[in-house]
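Read off the chains here:
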Amino acid sequence: MSAYLGDVAALARKDLRLELRARDTLPAMLLFVLATLVVFHFALPADVGDDPAYGLLWVALVFTSLLGLARAWVPEREAGALDGLVLAPSDRSAIWLGKTIASLAFLAAAEVVALPAFVLFFAPLDANALAGVVLASVGICAVGSLVSAMAAASRGREVLLPLIFLPLAIPIVVGGVGSSISEEPAKFLAFLGLYDAVFAILSWAAFEYVVTE
Amino acid sequence: MSMRKPSLTLLASLATALAAVAVAMIFFVAPEDADQGLSQKIFYVHVPIALTAYACFGLAAWKAFRLLTTRGDRYDLESYTGVHQGTIFGALTLVTGSIWAKASWGVWWTWSSNQLVLFLVLFLFYCAYFMLRYSIEPGPRRERISAVYALFGVALVPVSFLAIRLASDFIHPTVFTRDGPQMTGEMFAAFCVSWAAITLLAYVMYRVELAGKRTDANLRELREVLAP
Amino acid sequence: MADTPLVVARGVERRYGARRVLRDLSFELGHGDALVVTGPNGSGKTTLLRLLVGLAVPSRGTLEVGVDRARLGFVGHEPLVYRELTALENLDLFGRLYRVPERRERIGMLLERFGLWDARGERVSAFSRGMTQRLALCRALLHEPELLVLDEPHSALDAQGAELLDEELDQLAGRSTLVVATHEPARLDALSTARLALGAA
């Protein structure tokens, strides 16, 4: 068990190190989320109140994560490193978990910028909304890592990722928006927890089959 | 170790016969609905089609599971055909649902029908299945990725349904409501016959498509073997 | 135990869609054997090697390889490393995943053996093709594999690197089992115990 976690930690560290060096994905995500929020300001009519803004926050977060997820497996594809990882005696699911944790770190960094900007531009965020963001981020990265690996195995990869990710992201958006604007946020937070549990376990178990023959 | 399957012709004839009986029952046996009148009859077609779509997706997921756990050769095509049939019936669900909405309430679409919205999400998801599948080289990789995707679909069904239920909280529901089937005996009988007919029809279509795909695959293999 | 073969292939076939790359291949390899695989481009050498290490599965037939992943070493067409990590970081990561005992010492020894010690802190993206290939060899040898599978290892190496590789292979011959696909079979004449010539597709 500790060997497994050691593998996961080594893999996640590797991704963080790579991003720190290349510095291409994270700045792009930060800039993208800010630009999207500004676009939304112009997209919203003047007198709609706060609720629609929360919806758009979630759209911004989902599409920003897509940006990050599209690049998630690029280092592994460059010189065939993914084959190297798959050949290693470590559990293949550790590859998924390491990647998910790293993606989560990047998404969190983007959110640290996006959320204050949102509060500044649009409307306040309470504890429930923040809890929603946390739970939703876990779900996005868990499913996203797996789905991104699927897309990476295909010919049309950049185009394909949003197509296979968005239907799976719909429940996340529901949970997130609900935790922000509903009068019973606990229901939605519980739902997000359920989504995370179901899809994280599924992704964890299925990853092996996506990267092997 | 497969049992001898009943002949396809026999099943097709049976399906046609059942369909004829169902039509008769729908129009002559089941009473007309007080509120919606004739348009309510679509219910006898719409709901079985929806149920059949679910069954197809469930079948596809089961075959996918078998593929991943046993490495049997046949499961890939069976799973794929299941998804294909499910998508066809899913599209039909959306169409019949839309017709029913227009006939009952005057709009071609409404977000207040949880079932309809769920099918829209599933339709998007399973359409992406085909895009994913056909952008990967044929081979074990494609089979496995398709199988994993089909399994995710089946997990998505209850989760999405829950999400849509919760979402109706703040996506303000319109005044349209659909009365649940408090069905009389005759209505229930008509419904069951219709359901049986449509399920059988789906099964026949599944077998036909599967046979076609298998023949295709065998033909390609033969060509390969015979090629110089 | 030395009698049971390490690798048993029976009727192995591999198709990509409708294209058949390997047909009806059968052979056996014992411990300590060295198999040299030759054949023109497109004859399936790379496919066969990928089948041996488990990166691909046969479309038909059976291929039994009596070692698990922990005792398998592979150098393919790609170096299987991370371009933006240094040589040291790459080997450290894989050394950890392969649970190599006394990792640091072993990495240092291999880097030195293949002339990469001075470049150990540089990123792979700054390496020449020959250096990258040498790093790939280090990665494959890190865990002292029982079965070493090499896909045209000499082709990316410079003269000095090729010599180092030949020395290494000489040392390994008889102790580990080797499978080498190559366009220069003469290089391996001395140590090869078996040959497999794949025909054109």
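Residues numbered from 1 in each chain as written. Chains lettered and ligands numbered in written order. Predicted model: local features only at pLDDT ≥ 70, side-chain atom pairs only at ≥ 80, totals over all residues.

**Describing the overall build of chain B**
Of regular secondary structure, chain B possesses six helices and zero strands. Long-range contacts, defined here as pairs at least 24 residues apart, represent 80% of the contacts in chain B between residues at least 6 apart. (Helix = DSSP H or I, 4+ residues; strand = E, 2+ residues; numbered from the N terminus. Contact = placed C-beta atoms within 7 Å.)

**Observations regarding the sheet that holds strand E8 (residues 194-197) of chain C**
All names here are of chain C. If you walk across this open sheet you meet the five strands as E5-E6-E7-E3-E8, and the pairing is parallel. The sheet is open, and its two edges are formed by strand E5 (72-75) and E8, each paired on a single side. In this sheet, adjacent strand axes meet at a mean angle of 10 degrees when their direction is disregarded. Where strand E3 (residues 34-38) lies against E8, four bridges are found, and the strand directions are parallel. Directly across from Thr-38, in E8, lies its bridge partner Ala-197. Across the face of the sheet, helix H1 (residues 45-53) comes into contact with E3, E5, strand E6 (147-151) and strand E7 (177-181) while running at roughly 155 degrees to E6. Lying over the sheet, helix H4 (residues 129-141) contacts E5 and E6, oriented at roughly 170 degrees with respect to E5. (Pairing = 2+ DSSP bridges. Axes fitted to C-alpha atoms, helices over the stretch in contact; angles between N-to-C directions.)

**Some words on the interface of chain B and chain C**
Between chain B and chain C, the contact holds six residues from the first and five residues from the second. In terms of residue class, the side of chain B that touches chain C is made up of two nonpolar, one polar and three charged. (Nonpolar A, V, L, I, M, F, W, Y, C, P; charged D, E, K, R; others polar.)

**Quick notes on the interface of chain B and chain A**
How large an interface is tends to be reported as the accessible area lost when its parts come together. Contacts between the two partners involve 26 residues from chain B and, on the opposite side, 28 residues from chain A. Secondary structure elements with two or more residues in the side of chain B that touches chain A: helix H4 (114-134) and helix H5 (140-167) of chain B. Top contributing element to the side of chain B that touches chain A by residue count: H5 of chain B, with 15 residues. In the side of chain B that touches chain A, the residues fall into 21 nonpolar, two polar and three charged.

**Describing the confidence of the model for chain B**
Looking at chain B as a whole, its pLDDT mean stands at 87, while 89% of the residues score no less than 70. Scored as a complex, the prediction yields pTM 0.92 and ipTM 0.93. (pLDDT = per-residue confidence, 0-100.)

**Here we look at the environment of Gly-98 of chain A**
All names here are of chain A. Structurally, Gly-98 can be placed in helix H6 (residues 92-121). In this structure the C-alpha to C-alpha distance between Gly-98 and Val-8, which are 90 residues apart in sequence, comes to 4.6 Å. Aside from chain neighbours lying at most four places away, what touches Gly-98 is Val-8, Leu-11, Ala-12 and Asp-15.

**A short note on the sheet that holds strand E4 (residues 60-65) of chain C**
Residues and elements named next belong to chain C. The strand order E2-E1-E4 describes an open sheet built from three strands, whose pairing is antiparallel. A single partner strand is all that each edge strand has here, and the edge strands are strand E2 (19-29) and E4. Adjacent strand axes in the sheet meet at a mean angle of 25 degrees when their direction is disregarded. As paired elements, strand E1 (residues 7-16) and E2 share seven bridges and run antiparallel to each other. The residue bridging Val-7 from the neighbouring strand is Leu-29, located in E2. Sheet contacts for H1: E1, E2 and E4; angle to E1, the most-contacted strand, approximately 125 degrees.

**Things to note about the pairing of E1 of chain C**
All names here are of chain C. Adjacent in sequence and paired antiparallel, E1 and E2 are bridged by two residues, among which Gly-17 carries a positive phi angle near 65 degrees. Judged from the five bridges that link them, E1 and E4 form a sheet pairing that is antiparallel. Bridging from a neighbouring strand, Val-8 pairs with Glu-64 of E4.

**Concerning unusual backbone geometry**
Residue and element names in this part refer to chain C. The phi dihedral of Glu-102 falls on the positive side, at around 50 degrees, and the residue is not glycine. Topologically, Glu-102 is positioned in the loop between helix H2 (87-97) and helix H3 (103-113). Of note, Glu-152 is a non-glycine position whose phi angle comes to about 45 degrees, a positive value. Its place among the elements puts Glu-152 in the loop between E6 and helix H5 (159-172). Taking the number of C-beta atoms within 10 Å as the measure of exposure, Glu-152 has 20 and is therefore buried. (Buried ≥ 20, exposed ≤ 12 C-beta atoms within 10 Å, placed from the backbone.)

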